[in-house]
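This is what each chain is made of:
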Amino acid sequence: MSRPASVPQARAVRLGPRSILALLLVSAVGVGALGWPFLAPPESSVAAHSQDAPWLFAGLLVLLVAVVGATISESGLGPKAVAMVGVLAATGAALRPIGAGTAGIEPMFFLMVLSGRVLGPGFGFVLGSLTMFASALLTGGVGPWLPFQMLSMGWFAMGAGLLPGPDRLRGRGELLLLSSYGFLGAFAYGTAMNLAGWPFMAENSTAIAFDADAPVAVNLARFVAYCLATSLGWDLGRAVVTVALTWLVGPAVLKALRRATRRAAFETPVTFDAPVR
């Protein structure tokens, strides 16, 4: 018996040239905002104004994320896609407080992986950013770190949409791919959030704090030690929970998302028939 041909998955958000350009812009600013301790030389004026960075970058990133959302909306975020974003963002925001403060148990991460996988990178970025924003409002976690959380979660969900084989890979192979990505992505998210806060520790308070006068290699060693000492357990818990939920409920969630996507028919043009006389 011949194997049935794969059916391309519908995409709720199609990334056009403007959307891609906006995503590249906000990502470049985000990389600069997170990686400036390793990109700026010690004698630069960036280090001298490092204490202003959280607020300056926070305001800029909020504006850029808004621009990206508006651009993606212009490229075809219709009412059905808006409804899908709203439902999934509300679900993710409700899942986040379940294990907040307990060994990194954050079940929202597996939902971001599966949603990005089924609905594509554009939808994944919008969903990840909005989910983190909604969860911050729900838990009272609004602060200068929020734009970094929104951007990092947007990257995380978008990356799931860029994984290979969205139309052909199914079954255990797909679950292995998604769980592996979720495991590594959970650590990458934690590392990005460590970068958002690590440079602003008091330099003289600990030997693993950022030193504006030290060379890059020394600060890199300090940052690795900081991650191991402060967030390794949390990131490991997040990664394990993401893998476990992907294997336990992933098949059912993937099936439900794909069924909802087919029924929504995002890419089917709306037509109006002439009234019958």
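These numbers were taken from a predicted model, which means no experiment stands behind them.

Undergrad: For the overall build of the chain, give the residues involved together with the corresponding values.
TA: Of the regular secondary structure elements, the chain holds 10 helices and zero strands. Seen in sequence order, the chain has helices and strands lined up from the N terminus as α-α-α-α-α-α-α-α-α-α. Expressed as a percentage of its 277 residues, the buried residues of the chain come to 47%. Considering only residue pairs separated by 6 or more positions, the chain has 80% of its internal contacts joining residues 24 or more positions apart. Surface accessibility of the chain: about 14000 Å² in total, with carbon and sulfur atoms responsible for 69%.

Undergrad: Quick rundown of the environment of proline 147? Include the residues and the values.
TA: If you trace the backbone, proline 147 turns up in helix H7 (residues 146-161). For proline 147 and serine 129, which are 18 residues apart along the polypeptide, the C-alpha to C-alpha distance reads 8.5 Å.

Undergrad: Describe the nonpolar core, naming the residues involved and giving the relevant values.
TA: Counting residues in hydrophobic clusters, the biggest one holds 46 residues, and the most contacted among them are Leu88, Met108, Met112, Phe123, Met132, Met153 and Phe156. Sorting the residues of this core by element identifies helix H1 (17-39), helix H4 (79-95), helix H5 (108-119), helix H6 (121-139), H7, helix H8 (171-197), helix H9 (216-230) and helix H10 (232-264) as the ones contributing at least two each. Sorting elements by how many residues they give to this core places H5 first, with nine residues. Dropping the residues within four chain positions of it, methionine 112 is found in contact with Leu127, Gly128, Thr131, Met153, Phe156, Ala157 and Ala160.

Undergrad: Give me H4: which residues, what numbers.
TA: Taking 1.5 Å per residue as the helical rise, H4 with its 17 residues ought to reach 24 Å, and the 24 Å between its terminal C-alpha atoms agrees with that figure. Those residues of H4 that fall on the buried side of the exposure criterion are Ala81, Met84, Val85, Leu88, Ala89, Gly92, Ala93 and Leu95. Down the axis of H4, the sector holding all buried residues measures 155°, keeping them to one side. Turned more than 90 degrees off the buried face of H4, the exposed positions are Pro79 and Val87.

Undergrad: Go over H9, please, and point to the residues and values.
TA: When the terminal C-alpha atoms of H9 are compared, their 21 Å separation across 15 residues agrees well with the 21 Å that a helix rising 1.5 Å per residue should span. For H9, the complete set of buried residues consists of Asn219, Phe223, Tyr226 and Cys227. Down the axis of H9, the buried side of the element spans an arc of 95°, and every buried residue falls inside it. Across H9 from its buried face, at more than 90 degrees, point the exposed residues Ala217, Leu228 and Ala229.

Undergrad: Can you break down the confidence of the model for the chain residue by residue, with the values?
TA: Here the chain averages 78 in pLDDT, while 71% of its residues score no lower than 70. Looking at the elements of the chain, mean pLDDT is at its lowest for helix H2 (residues 45-48), recorded as 52, and at its highest for H8, recorded as 92. Segment residues 1-5: pLDDT under 50, and one contact once partners within four positions in sequence are set aside and those in other chains are kept.

Undergrad: Account for a nonpolar patch on the surface, naming residues and giving values.
TA: On the surface, Phe183, Leu184, Leu236 and Val240 cluster together to form a nonpolar patch covering roughly 350 Å² of accessible area. Of all the secondary structure elements, the ones that give two or more residues to the nonpolar patch are H8 and H10. Tracing the backbone shows phenylalanine 183 in helix H8. The partly exposed category is assigned to phenylalanine 183, whose relative accessible area is 30%.

Undergrad: Which residues make up the packing of H6 against H7, and what values do they have?
TA: It is at 7 Å that the axes of H6 and H7 come closest, and there the two elements cross at 145°. H7 is crossed by H6, and the crossing has right-handed handedness. Listed contacts from H7 to Pro121, Gly124, Phe125, Gly128, Ser129, Met132, Phe133 and Ala136 of H6 are Leu146, Gln149, Met150, Leu151, Met153, Gly154, Trp155, Ala157, Met158 and Gly161. Taken together, the residues that form the contact of H6 with H7 break down as 12 nonpolar, six polar and no charged.

Undergrad: Which residues make up the packing of aromatic side chains, and what are the values?
TA: Enumeration according to the criterion identifies eight aromatic pairs in this entry. Ring geometry for phenylalanine 109 versus phenylalanine 156: centroids 5.2 Å apart, planes at 70°, classification edge-to-face. With phenylalanine 109 in helix H5 and phenylalanine 156 in helix H7, this residue pair connects regions lying 47 residues apart in the sequence. Across this residue pair, the class does not change: phenylalanine 109 and phenylalanine 156 are buried.

Undergrad: Go over the environment of proline 164, please, and point to the residues and values.
TA: Summarising the element assignment, proline 164 is placed in the loop between H7 and H8. A residue is classified by how much of its surface remains accessible, and proline 164, at 54% relative accessible area, is exposed. C-alpha separation for the pair proline 164 and arginine 117, spaced 47 residues apart in sequence, amounts to 9.4 Å. Those residues in contact with proline 164, other than ones at most four positions away along the chain, are Arg117, Leu169 and Leu177.

Undergrad: Requested: an account of the pattern of salt bridges, with residues and values cited.
TA: Counted under the stated rule, the structure contains five salt bridges. Between arginine 96 and glutamate 106 there is a salt bridge, with the nearest N and O atoms lying 3.9 Å from each other. On the criterion of sequence distance, the pair formed by arginine 96 in the loop between H4 and H5 and glutamate 106 in the loop between H4 and H5 is long-range, its members being 10 residues apart. For the pair shown, arginine 96 and glutamate 106 are each scored as buried. The network of salt bridges with common partners includes Arg96, Glu106, Asp235 and Arg238.

What counts, and where the lines are drawn
Residues numbered from 1 in each chain as written. Predicted model: local features only at pLDDT ≥ 70, side-chain atom pairs only at ≥ 80, totals over all residues. Heavy atoms only, no water. Helix = DSSP H or I, 4+ residues; strand = E, 2+ residues; numbered from the N terminus. Buried < 20%, exposed > 50% of the residue type's maximum accessible area, 1.4 Å probe, protein only. Contact = heavy atoms within 4.5 Å. Areas by Shrake-Rupley, 256 points an atom, 1.4 Å probe, with all protein chains shown as cover. Core = buried A, V, L, I, M, F, W, Y, C linked by side-chain atoms within 4.5 Å. Expected span 1.5 Å × (residues − 1). Arc of directions from axis to C-beta. pLDDT = per-residue confidence, 0-100. Patch = residues over 30% accessible without salt bridge, like charges linked within 9 Å, V, L, I, M, F, W, Y side chains within 5 Å. Salt bridge = Lys/Arg side-chain N within 4 Å of Asp/Glu carboxyl O. Axes fitted to C-alpha atoms, helices over the stretch in contact; angles between N-to-C directions. Left-handed = near helix turned anticlockwise from the far one by under 90°. Nonpolar A, V, L, I, M, F, W, Y, C, P; charged D, E, K, R; others polar. Phe/Tyr/Trp six-rings, centres within 6.5 Å; stacked < 30°, edge-to-face > 60°.

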